[in-house]
Amino acid sequence: MREDICSIPINELFEPKKGCPLCRMDEMLEQRLADYITGAAMMEPDVRMETNRLGFCPRHFDKICQVGSRLSIALILESHLKEVEEREFGPKAAAPKRKLFGGAEEEKETCFICENMEKNRTHLVDSLVSLWAKEEEFRRLYGEQECLCLHHGRLLLRAAGRLPKKLAPRFQEDTRRLSLAYLQQVEQDVTHFCRMFDYRNKDGDWGNSRDAIERAIAYLTGRLYTGKPEAGEDGK
């Protein structure tokens, strides 16, 4: 398969054929952005202006605390807190159009990592669809995936509108098949997990159901599932 700067990251995401490749994509983007913002980029004025303005959602505050030093997090917070003070309690905040606390209009939550993940995700999905349209080998690789989670399956079905009309039906069919097949499998595993708590199945075979809860949640939410230690005999 011909590779260029756009196709290489896509191929790397799809080659493992394990789990949802777009969940791996989001995990990769999240990790790279967290490393970026807690590294040298935190001292770049244009980047700091954006982190001051956007801040981070609770999930990504946790993420940057995991990967960055305490000093780097403190420096980011120092200037962000000053921005929040000015925005929420400074002279402009006292204008009649703004209300504080009681009756306040809730502002949309913003996050530097979420916003940049969305931009990069859009670019990578564009590259994915373009590669799928051009390369038969990649179309085969796409169709051989283990699954697509519900969240990313929907994302890809929307992206099908960017394909030529003659190609879109095949892309949509493969996308639905990969998402539905995994849904049915995890549904069966969750049902089997529940049945194993019936006293009549005390010594029965758990099969693939021990991590069915985690896999079901990963399928529904679009969060990468990397596995966990096998549960005990009670499935807990």
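Look a little higher up for the structure.
Residues numbered from 1 in each chain as written. Predicted model: local features only at pLDDT ≥ 70, side-chain atom pairs only at ≥ 80, totals over all residues. Heavy atoms only, no water.

## A short note on the overall build of the protein
Along the protein, the regular secondary structure elements total 10 helices and 0 strands. Counting from the amino terminus, the protein carries its helices and strands in the arrangement α-α-α-α-α-α-α-α-α-α. Looking at the protein as a whole, 39% of its 236 residues qualify as buried. Considering only contacts in the protein between residues 6 or more positions apart, those separated by 24 or more positions represent 70%. A total accessible area of about 14,700 Å² is found for the protein, and carbon and sulfur atoms account for 54% of it. (Helix = DSSP H or I, 4+ residues; strand = E, 2+ residues; numbered from the N terminus. Buried < 20%, exposed > 50% of the residue type's maximum accessible area, 1.4 Å probe, protein only. Contact = heavy atoms within 4.5 Å. Areas by Shrake-Rupley, 256 points an atom, 1.4 Å probe, with all protein chains shown as cover.)

## Examining the pattern of salt bridges
Overall, the coordinates contain 16 salt bridges when judged by the stated rule. Here Arg177 and Asp174 are joined by a salt bridge, their closest N and O atoms 3.5 Å apart. Placement of both Arg177 and Asp174 in helix H9 (residues 168–195) is noted, with a separation of 3 residues, approximately one turn of the helix. Judged by its relative accessible area of 39%, Arg177 falls in the partly exposed class. Here Asp211 makes a salt bridge to Arg215, at a shortest N to O gap of 2.9 Å. Because the salt bridges share partners, they merge into one network encompassing Glu50, Arg53, Glu115 and Lys119. (Salt bridge = Lys/Arg side-chain N within 4 Å of Asp/Glu carboxyl O.)

## Notes on H9
The first and last C-alpha atoms of H9 sit 40 Å apart over 28 residues, in line with the 40 Å expected at 1.5 Å per residue. Looking only at H9, the buried set comprises Ala168, Phe171, Asp174, Thr175, Leu178, Ser179, Tyr182, Val186, Asp189 and Phe193. Tucked inside the fold, the buried residues of H9 contact helix H6 (112–134), helix H7 (136–143), helix H8 (150–159) and helix H10 (212–221). (Expected span 1.5 Å × (residues − 1).)

## Focus: the packing of H8 against H9
Look at H8 against H9: their axes get within 10 Å of each other, and the N-to-C directions meet at 175°. Judged by the inter-axis angle, H8 sits roughly antiparallel to H9. On H9, the residues that touch Leu150, Gly153, Leu156 and Leu157 of H8 are Phe171, Gln172, Thr175, Arg176 and Ser179. Among the residues forming the contact of H8 with H9, the class breakdown is 4 nonpolar, 4 polar and 1 charged. (Axes fitted to C-alpha atoms, helices over the stretch in contact; angles between N-to-C directions. Parallel < 35°, antiparallel > 145°, perpendicular 65-115°, else oblique. Nonpolar A, V, L, I, M, F, W, Y, C, P; charged D, E, K, R; others polar.)

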